[in-house]
Amino acid sequence: MTKSPTRSPPFSTTTATKVPQEIISEEEMALIDSAFASAAAQFPRNQRSIQSITRLSKRTLLDSMATGSSPDIEDSGRVGWSDSSPLKKRNRGLDSFLHRFRRKRGLSVTDITATEWCEKQMEFCLLFGKPEKTKAMKAGSVRHVELEEEVIKRVKIHVSSNEDVWALKFVNFIIGANQLIFDGLTRELPIVGFAEGIWMVGVIDEIRISESERYATLVDTKTRVQAKFPTEPQQRNGRLQLMCYKRLWDSLVDDKFPVQKFFDFFSLNPHCILPAEIRENTAKSGFASETLNDLVRYFRNSCFQLPRAHGLLTLRYELQADQSLIGEDEFAYDCEWVKGQIKSSLEFWVGERKASYTPTEERWKCRFCKFANVCPGNSNPNASSTPS
């Protein structure tokens, strides 16, 4: 039986100081454990209130209405590998999970965190489908939309190509970056970056910049059914999520975005003329663009205006019933640790090794896994429990 690689979570501290919080979509946690079920909630802010931000500007978020199948704005894209990446030099095989399930999409932060939680569960999810959303998850999604609309106005845009989908991603990033610079806060910011030899995508839930800070602050809020902190493995998984976002964010700010490789690996035509709706929206937003290449130039310019992410990241935990603050997990970014986690995840995705089971000391996770009855790594397949 293959055991998961040893994971040493970075040092963290727990406080109860109130800071602005963000309600996140629990799509990532749907892959790993119903214990992560989210119910979104409103929260106070110590920088600018939602009302003041709304008065200043409400960001327009372009949402895709695809012709035929509907691409996912967060995960859409083609996976690409660096020519210098050691992974490229190895035979991954056409039957790898990366080729079979992510060949036309960037590997998402969701994929990394779900793999860290349990590779075997990730394998089952890929082969047999994601768990259905619980009632709490659905309620959280509804509330999430309500709060999102306080700072974001969604506009439906018809898309018909990968170039259109990526154009929306860049437009939303540019507008969100401008909102962050001028208002001090933005939400649901799509991000794409090149890390550890692979293209990764995701959506950062909330970013803040105060007038006195030179860094961007990444904060993520998760809700709990019980008024207590989650287990260390759950906290570790949340830390990995935020660290992945910081790694991608800093790479963009440092102008480590290989443009030509991006177009080549994702098989995109940089000179593709954008749909009229997108061209009109870019013109209204102050960065008129005719082609995808135009948008990429504005995208890189926007990244140049942004500060690096703060070295301290914050996970907030609140009670689902009344949205009261349980506490915070403030932890330092660990570059080597997150690089190691990404590389370990890639070994599974590219087929360099079989999926490992969760460590013996963390087999309690099996009680909350819908695949527990068929998983060879579960020593007690008849056990069941209710997630906390």
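Keep in mind that what you see is a predicted model, and the values were worked out from it rather than measured.

Could you clarify how one ought to interpret the overall build of the protein in this entry?
Check the secondary structure of the protein and you find 12 helices and nine strands. Here the protein, with 388 residues, has 56% of them falling under the buried criterion. When the accessible surface of the protein is totalled, it reaches about 16,700 Å², and 49% of it is carbon and sulfur.

I keep staring at the environment of Ile-278 and nothing clicks. Help me out?
In this structure, Ile-278 sits in helix H10 (residues 276-285). Residue Ile-278 is classed as buried on the basis of its relative accessible area of 0%.

What am I meant to see in empty space enclosed by the protein here?
Think of a ball as big as a water molecule: rolled over the atoms, this probe shows where empty space is left. In this structure the tally under the stated criterion is three cavities of 30 Å³ or more. Considering only enclosed or pocket space, the largest cavity measures out at about 120 Å³ in volume. If you go around the largest cavity, you meet 15 residues; those closest to its centre are Cys-118, Thr-358, Cys-366, Cys-369 and Cys-375. Per element, the largest residue contribution to the lining of the largest cavity is three residues, and it comes from helix H5 (residues 119-128).

Any chance you could explain the pairing of strand E5 (residues 185-195) here in plain terms?
The two faces of a sheet get side chains in turn, since along a regular strand they alternate between them. With 11 of its 11 residues buried, E5 lies for the most part within the structure. Hairpin connection from E5 to strand E6 (residues 198-208): two residues lie between these consecutive antiparallel strands, with Glu-196 at a positive phi of about 50 degrees.

Help me understand the pattern of salt bridges in this model?
A side chain of one charge can pair with a side chain of the opposite charge when the charged atoms of the two come close. In this structure the tally under the stated criterion is 21 salt bridges. Note that Arg-236 and Glu-362 form a salt bridge whose closest N and O atoms lie 3.0 Å from each other. One end of the pair, Arg-236, is in helix H8 (residues 232-253); the other, Glu-362, is in the segment after helix H12 (335-349), with 126 residues separating them in the sequence. The residues Arg-236 and Glu-362 share a single accessibility class, namely buried. Each member of the salt-bridge network shares a partner with another, and the members are Glu-116, Arg-236, Glu-362 and Lys-365.

Would you take a moment to explain H8 for this structure?
Given 3.6 residues to a turn, an α-helix orients residues that are three or four positions apart in the same direction. Between its terminal C-alpha atoms H8 stretches 31 Å, which fits the 32 Å expected from 22 residues at 1.5 Å a residue. Counted residue by residue, H8 has 20 buried out of 22 residues, so it is predominantly covered. Directly after H8, the chain includes Asp-255, whose backbone phi takes a positive value near 60 degrees.

Where do I start with the packing of aromatic side chains in this structure?
One pair of aromatic rings is described through two measures. These are the centre distance and the angle between the planes. Taken as a whole, this structure holds 23 aromatic pairs when the rule is applied. Relative to Phe-262, the ring of Phe-170 lies with its centre 5.6 Å away and its plane at 70 degrees, an arrangement referred to as edge-to-face. Of the two residues, Phe-170 is situated in helix H7 (residues 162-183) and Phe-262 in helix H9 (residues 259-265); the sequence distance between them amounts to 92 residues. Like Phe-170, the residue Phe-262 is buried in the burial classification. Chaining the aromatic ring pairs together yields one cluster made of Trp-166, Phe-170, Phe-173, Phe-194, Trp-199, Phe-257, Phe-262, Phe-263, Phe-266 and Phe-299. The ring of Phe-124 has Lys-120 lying over it, and the distance from NZ or CZ to the ring centre is 5.8 Å.

Is there a simple way to think about the nonpolar core in this case?
When a protein is soluble and globular, its nonpolar side chains tend to lie buried together. Formed by 81 residues in total, the largest nonpolar core has its most connected members in Trp-166, Phe-170, Met-200, Trp-249, Phe-257, Phe-262 and Phe-299. If one sorts the elements of this core by residue count, H7 sits on top with 11 residues. If we ignore the near neighbours within four places in the chain, the residues touching Trp-249 are Leu-180, Leu-189, Ile-191, Ile-204, Ile-207, Ala-216, Leu-306, Pro-307, Arg-308 and Ala-309.

Would you mind going over the confidence of the model for the protein with me for this structure?
In the predicted model, the protein carries a mean pLDDT of 79, and 71% of its residues have values of at least 70. Here residues 384-388 is a poorly scored stretch, pLDDT under 50, and it has 12 contacts once near neighbours within four places are set aside; other chains count.

Before we go on, may I ask you to explain the environment of Lys-104 in this structure?
Checked against the element boundaries, Lys-104 lands in the loop between helix H3 (97-101) and strand E3 (107-108). Along the primary structure Lys-104 and Phe-266 are separated by 162 residues, whereas in three dimensions their C-alpha atoms are 7.6 Å apart.

I tried to follow the pairing of strand E7 (residues 217-224) on my own but got confused; where do I start?
Counting buried positions along E7 gives eight out of eight residues, so the element sits mostly inside the fold. The alternating pattern of E7 places Thr-217, Val-219, Thr-221 and Thr-223 on one face and Leu-218, Asp-220, Lys-222 and Arg-224 on the opposite face, and all of these are buried. In terms of strand pairing, E6 meets E7 through two bridges, oriented antiparallel. Following the sheet pairing, Ile-207 is matched in E7 by Leu-218. Across six bridges, E7 lies against strand E8 (residues 312-319) in parallel orientation. Within E8, the residue paired with Thr-223 across the bridge is Glu-318.

What am I meant to see in the state of the cysteines here?
Under the counting rule described, the total for this entry stands at zero disulfides. In this model Cys-366 remains outside any disulfide bridge; the closest cysteine sulfur is found in Cys-375, 5.9 Å from its own. On the accessibility criterion, Cys-366 (14% relative accessible area) is buried.

Where do I start with the side chain of Thr-282 in this structure?
Along the chain, the position of Thr-282 falls in helix H10. Judged by its relative accessible area of 0%, Thr-282 falls in the buried class. Non-local contacts of Thr-282, meaning those with residues more than four positions away in its chain, are made with Val-171, Phe-287, Ala-288, Ser-289 and Leu-295.

Calculation criteria
Residues numbered from 1 in each chain as written. Predicted model: local features only at pLDDT ≥ 70, side-chain atom pairs only at ≥ 80, totals over all residues. Heavy atoms only, no water. Helix = DSSP H or I, 4+ residues; strand = E, 2+ residues; numbered from the N terminus. Buried < 20%, exposed > 50% of the residue type's maximum accessible area, 1.4 Å probe, protein only. Areas by Shrake-Rupley, 256 points an atom, 1.4 Å probe, with all protein chains shown as cover. 1 Å grid on protein atoms, 1.4 Å probe; cavity = no way out; pocket = protein on both sides within 12 Å on 5 of 7 lines; lining within 4 Å. Points joined across faces, edges and corners; volume = space filled by probe spheres on them. Pairing = 2+ DSSP bridges. Salt bridge = Lys/Arg side-chain N within 4 Å of Asp/Glu carboxyl O. Expected span 1.5 Å × (residues − 1). Phe/Tyr/Trp six-rings, centres within 6.5 Å; stacked < 30°, edge-to-face > 60°. Lys NZ or Arg CZ within 6 Å of the ring centre and 35° of its normal. Core = buried A, V, L, I, M, F, W, Y, C linked by side-chain atoms within 4.5 Å. Contact = heavy atoms within 4.5 Å. pLDDT = per-residue confidence, 0-100. Disulfide = S-S within 2.5 Å.

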